[in-house]
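The primary structure of each chain is shown beneath.
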Amino acid sequence: MARAVAASAYKTTQSARGKLVHYTFYKDCFTVQSSYSQSTIWYDDLYRVIVRKHSVCLMVSNRIGYALCENECPESVLDFLRERCAEKRKPKVKETLFSVLFALLCVLFLGYACMAEIPLVIVNVQRVGPSTGQPTSPSQGDLMQARWGTHGDHWLIALTPASVPECFELTLRAYALSEKYRVPVVLLMDEVIGHMREKIELPDDYSEIPQAERKQPECSPEEFKAYATDDSLVPAMPAFGSGYRWHVTGLVHDETGFPKGTPAATLAATNRQHDKLYNNLDDIVQVENYQMEDAEYAVIAFGGGARTAYEAVDMARREGLKVGLMRPITIWPLADRQIKELASKVKGILVHELNYGQYVLEVERVVAGQVPVALYAKYDNEPATPAQLLAEIKKAMA
């Protein structure tokens, strides 16, 4: 078997029509064995138990049906399986961890999640590309893919950690934001952080961690409209199987969830999906300022590049240079307001990123010529050293 089977929890035997049927229950699966066959069904694959007139149908992965004769399936077994299915139908956010190449194949479904407003957390540990590129080498070349990787106007959230503890913290935050706003959230790491080893203090009691909660409908199933909203612009999301009917589609739809191809419906859906995020930027966008109190020049860096920037700023300070760091923690939506405020306080900005130059384009757009914006792009398979970054800071200040 592909998955290891734990010790048997219990076994029940039922005799029916002269046949002996054994149900053996394990930690993560159960087996059904008769005199002529044996089948293994994994709880993770079990979707639904349907009791019909003369048989019991076990729906596996929502597609495959496995039939048992009703008089061969004791009520105790049915109760146990129904409990398992009920646990699976509890609201859960999906988490997908994938390589960059797999991500290239799946951006279409990212667009589907945006349109259907499906809570989704995606972890992308960037490496040098395109294609196979340089496996396990540092890069931050997926910034624009995280934002514009699928077609059409769409909006999502991307967070980028700069330490191992922050990977843990931002994963929790990604889940919370995804559930709160019904939107895909990308945890955009890079190879530097992905291969880093650091101490992390984990909570003694995980039940104390605030849990992400989906907005639930306040109306009856008969009154429910899948994409009707209040002032938050975020529709409620009942669990499948809870009695609320919900049509899911990647087509533009109205508040009923069914496709509607009118210009007005397209305009309304697009604006709402934009506004539910951009009306809440103060809640979504996070940045960290380091040594910025009296800074005359600023470095903008994130992820693994920020690790270099901390030390480069400290080195500059020891030489009497008033340099600070602004580290975007939320990469998307862009920290427009924070970047504008930064530009109003400093004489120049240096953007450091491990790619040919992507985030700098957004910084230049927001700054709009208010102060000079320079770029230190590092894309040769190695992260910059603090000395290298300090040299670029001095060059930008000259």
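For the structure itself, consult the block above.
Residues numbered from 1 in each chain as written. Predicted model: local features only at pLDDT ≥ 70, side-chain atom pairs only at ≥ 80, totals over all residues. Heavy atoms only, no water.

> How do you make sense of unusual backbone geometry when you look at a structure like this?
What is expected of a backbone is that most residues other than glycine have negative phi and most peptide bonds are trans. The peptide bond linking Gly 129 to Pro 130 adopts the cis configuration, its omega dihedral lying at 5°. For the bond from Trp 332 to Pro 333, the omega torsion is 0°, close enough to zero to count as cis. Residues other than glycine seldom take positive phi values, yet Leu 233 does so here, at roughly 65°. The backbone of Ala 368 sits at a positive phi, close to 55°, despite the residue not being glycine.

> Even after reading the chapter, I still don't get empty space enclosed by the protein, so can you show me in this structure?
Rolled over the atoms, a probe sized like a water molecule indicates the empty space that remains. Taken as a whole, this structure holds 1 cavity of 30 Å³ or more when the rule is applied. Within this model, the largest cavity holds a volume of roughly 50 Å³. What lines the largest cavity is Cys 114, His 154, Trp 155, Arg 182, Val 183, Gln 273, Lys 276 and Leu 277. By residue number, the principal contributor to the lining of the largest cavity is helix H6 (residues 263-278), which donates 3 residues. By residue class, the composition of the lining of the largest cavity is 4 nonpolar, 2 polar and 2 charged. (1 Å grid on protein atoms, 1.4 Å probe; cavity = no way out; pocket = protein on both sides within 12 Å on 5 of 7 lines; lining within 4 Å. Points joined across faces, edges and corners; volume = space filled by probe spheres on them. Helix = DSSP H or I, 4+ residues; strand = E, 2+ residues; numbered from the N terminus. Nonpolar A, V, L, I, M, F, W, Y, C, P; charged D, E, K, R; others polar.)

> Please explain helix H4 (residues 164-181) as it appears in this structure.
Note: α-helices contain 3.6 residues per turn, so residues at a spacing of three or four share the same orientation. The end-to-end C-alpha distance of H4, which contains 18 residues, comes to 26 Å, matching closely the 26 Å that a straight helix rising 1.5 Å per residue would cover. All of the buried residues in H4 are Val 164, Glu 166, Cys 167, Leu 170, Arg 173, Ala 174, Leu 177, Ser 178, Glu 179 and Tyr 181. Its side-chain oxygen at 3.1 Å from the backbone nitrogen of Glu 166, Ser 163 defines the N-terminal cap of H4. A positive phi of about 50° marks Arg 182, the residue just after H4. (Expected span 1.5 Å × (residues − 1). Buried < 20%, exposed > 50% of the residue type's maximum accessible area, 1.4 Å probe, protein only. Polar contact = N/O pair within 3.5 Å; in protein donor to acceptor, adjacent residues only side chain to side chain.)

> Whenever I open this one, the packing of helix H9 (residues 336-343) against helix H10 (residues 359-367) confuses me. Can you help?
Running from N to C, H9 and H10 point in directions that differ by 65°, and their axes come no closer than 9 Å. The angle between H9 and H10 falls in the class roughly perpendicular. The handedness of the crossing between H9 and H10 is right-handed. Along the contact surface, H9 presents Asp 336, Ile 339, Lys 340 and Ala 343, while H10 presents Tyr 359, Val 363, Arg 365, Val 366 and Val 367. Classifying every residue of the contact of H9 with H10 gives 6 nonpolar, no polar and 3 charged. (Axes fitted to C-alpha atoms, helices over the stretch in contact; angles between N-to-C directions. Parallel < 35°, antiparallel > 145°, perpendicular 65-115°, else oblique. Left-handed = near helix turned anticlockwise from the far one by under 90°. Contact = heavy atoms within 4.5 Å.)

> Looking at this model, I keep getting lost on the sheet that holds strand E13 (residues 297-300). Mind explaining?
Hydrogen bonding along the main chain pairs the strands of a sheet, whether they run parallel or antiparallel. Taken in spatial order, the 5 strands line up as E12-E14-E13-E16-E17 in an open sheet, and their pairing is mixed. On the outer flanks of this sheet lie strand E12 (287-290) and strand E17 (373-377), each paired with one strand and no other. Taking the axes of each pair of neighbouring strands and ignoring which way they run, one obtains an average angle of 20° across the sheet. The sheet contact formed by strand E16 (residues 348-353) and E17 spans 5 bridges and is parallel. From the neighbouring strand, Val 351 faces E17, where its bridge partner is Leu 375. This element, H10, spans E13, strand E14 (323-328), E16 and E17 of the sheet and lies at about 175° to E17. (Pairing = 2+ DSSP bridges.)

> Any chance you could explain the environment of Val 366 here in plain terms?
For Val 366, the position within the fold is in helix H10. Taking C-alpha positions, Val 366 is 7.0 Å from Ile 339, a pair spaced 27 residues apart along the chain.

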